[in-house]
Amino acid sequence: RGRLDDAIAENEAVRAEVVGKDDVASLSVCLSQLAGVQSARGDHGSALATIRLAQDLVQKGSEGNFGAAKFHVYAAAVYVRAAEASPAQASMHLAEADVLVRLALSHGRRFPHVLPTALRHEAALLRQRGRSGGAIRSFRRAVEVSVRQTMPFEEALARVGLADLL
């Protein structure tokens, strides 16, 4: 069993606790995280189906809550990865990612700890669109924000993304 399998098992355990508690925000976060892990495993079909379930929950709740912020961050990554994996559907997935990245960045103003991740996903989207200069700027900004907010893991992820472009 790998770490991604462990992450899925942990997600399922948390989801089992949340289901039935009328906590739409937490359930949408669980589903969004699960979609992110499915996407990282390369299971893009499942990831897209799961992120759509999370989206349904977010639309039932408030767009201004923490669950919506986490949804937009994870969903953007899912769609960018799906575009990378499926060139035939890339334009459709990137259009969805464009909207989600803008929403994630907007949430970053209200929930600052979301901003570094949103910036990394913006950079990935720009890289996928062939805009390496914009991607570099977004990765650099993600590094700066991560350092300022003392988020070493986010900083490391942003630095790895930046190194891939330099």
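Residues numbered from 1 in each chain as written. Predicted model: local features only at pLDDT ≥ 70, side-chain atom pairs only at ≥ 80, totals over all residues. Heavy atoms only, no water.

1. Things to note about the confidence of the model for the chain
Inference 1: Mean pLDDT over the chain stands at 89; residues scoring 70 or higher make up 96%.
Inference 2: At the level of individual helices and strands, the chain shows its lowest average pLDDT in helix α1 (residues 3-18), which scores 82, and its highest in helix α7 (residues 132-148), which scores 97. (pLDDT = per-residue confidence, 0-100. Helix = DSSP H or I, 4+ residues; strand = E, 2+ residues; numbered from the N terminus.)

2. Considering the packing of helix α2 (residues 24-40) against helix α3 (residues 44-60)
Inference 1: Two elements in contact, α2 and α3, have axes whose closest approach is 8 Å; the angle formed by their N-to-C orientations is 165°. Classified by the angle between their axes, α2 and α3 sit roughly antiparallel to one another. The two elements α2 and α3 cross, and the hand of that crossing is left-handed. For the pair α2 and α3, contact is made by Val24, Leu27, Ser28, Leu31, Ser32, Leu34, Ala35, Gln38 and Ser39 and by His44, Ser46, Ala47, Thr50, Ile51, Leu53, Ala54, Leu57 and Val58, respectively. (Axes fitted to C-alpha atoms, helices over the stretch in contact; angles between N-to-C directions. Parallel < 35°, antiparallel > 145°, perpendicular 65-115°, else oblique. Left-handed = near helix turned anticlockwise from the far one by under 90°. Contact = heavy atoms within 4.5 Å.)

3. Looking at α7
Inference 1: Relative to the 24 Å expected for 17 residues at 1.5 Å per residue, α7 spans 24 Å between its end C-alpha atoms, a close match to the ideal helical length.
Inference 2: Residues of α7 that are buried include every one of Gly134, Ala135, Ile136, Ser138, Phe139, Ala142, Val143, Val145 and Ser146, and no others.
Inference 3: Residues of α7 that are buried in the fold lie against α6 (115-128) and α8 (152-165). (Expected span 1.5 Å × (residues − 1). Buried < 20%, exposed > 50% of the residue type's maximum accessible area, 1.4 Å probe, protein only.)

4. Observations concerning the side chain of Ser138
Inference 1: Looking at the element boundaries, Ser138 is found in helix α7.
Inference 2: Note on Ser138: relative accessible area 6%, which makes it buried.
Inference 3: Contact partners of Ser138, with chain neighbours within four places excluded, come to Leu119, Glu122, Ala123 and Leu126.

5. Some details on the side chain of Thr50
Inference 1: Position of Thr50 among the secondary structure elements: in helix α3.
Inference 2: Residue class for Thr50 comes out buried when judged on its relative accessible area of 8%.
Inference 3: With residues near it in sequence (within four places) discarded, Thr50 still touches Leu31, Leu34, Ala35 and Gln38.

6. Some remarks on the packing of α6 against α8
Inference 1: Closest axis-to-axis distance for the α6/α8 pair is 10 Å, and the angle between their directions is 15°. The orientation of α6 with respect to α8, classified from their angle, is roughly parallel. Considering only the axes of α6 and α8, their crossing is left-handed. On α8, the residues touching Pro116, Thr117, Arg120 and Arg127 of α6 are Glu154, Leu157, Ala158, Gly161 and Leu165.

7. Considering the nonpolar core
Inference 1: Core analysis: the biggest nonpolar cluster contains 40 residues, and Ile51 and Phe71 have the highest contact counts within it.
Inference 2: Those elements that place two or more of their residues in this core are α2, α3, α4 (66-85), α5 (90-110), α6 and α7.
Inference 3: Those residues in contact with Phe71 that sit more than four places away from it in its chain are Ser32, Ile51, Ala54, Gln55, Val58 and Leu100. (Core = buried A, V, L, I, M, F, W, Y, C linked by side-chain atoms within 4.5 Å.)

8. Some details on the pattern of salt bridges
Side-chain pairing between opposite charges can occur once the charged atoms of the two side chains come close.
Inference 1: The final tally for this structure, using the stated rule, is 4 salt bridges.
Inference 2: Note that Arg159 and Glu155 form a salt bridge whose closest N and O atoms lie 2.8 Å from each other. Placement of the pair is Arg159 and Glu155 together in helix α8, with a separation of 4 residues, close to one helical turn. (Salt bridge = Lys/Arg side-chain N within 4 Å of Asp/Glu carboxyl O.)

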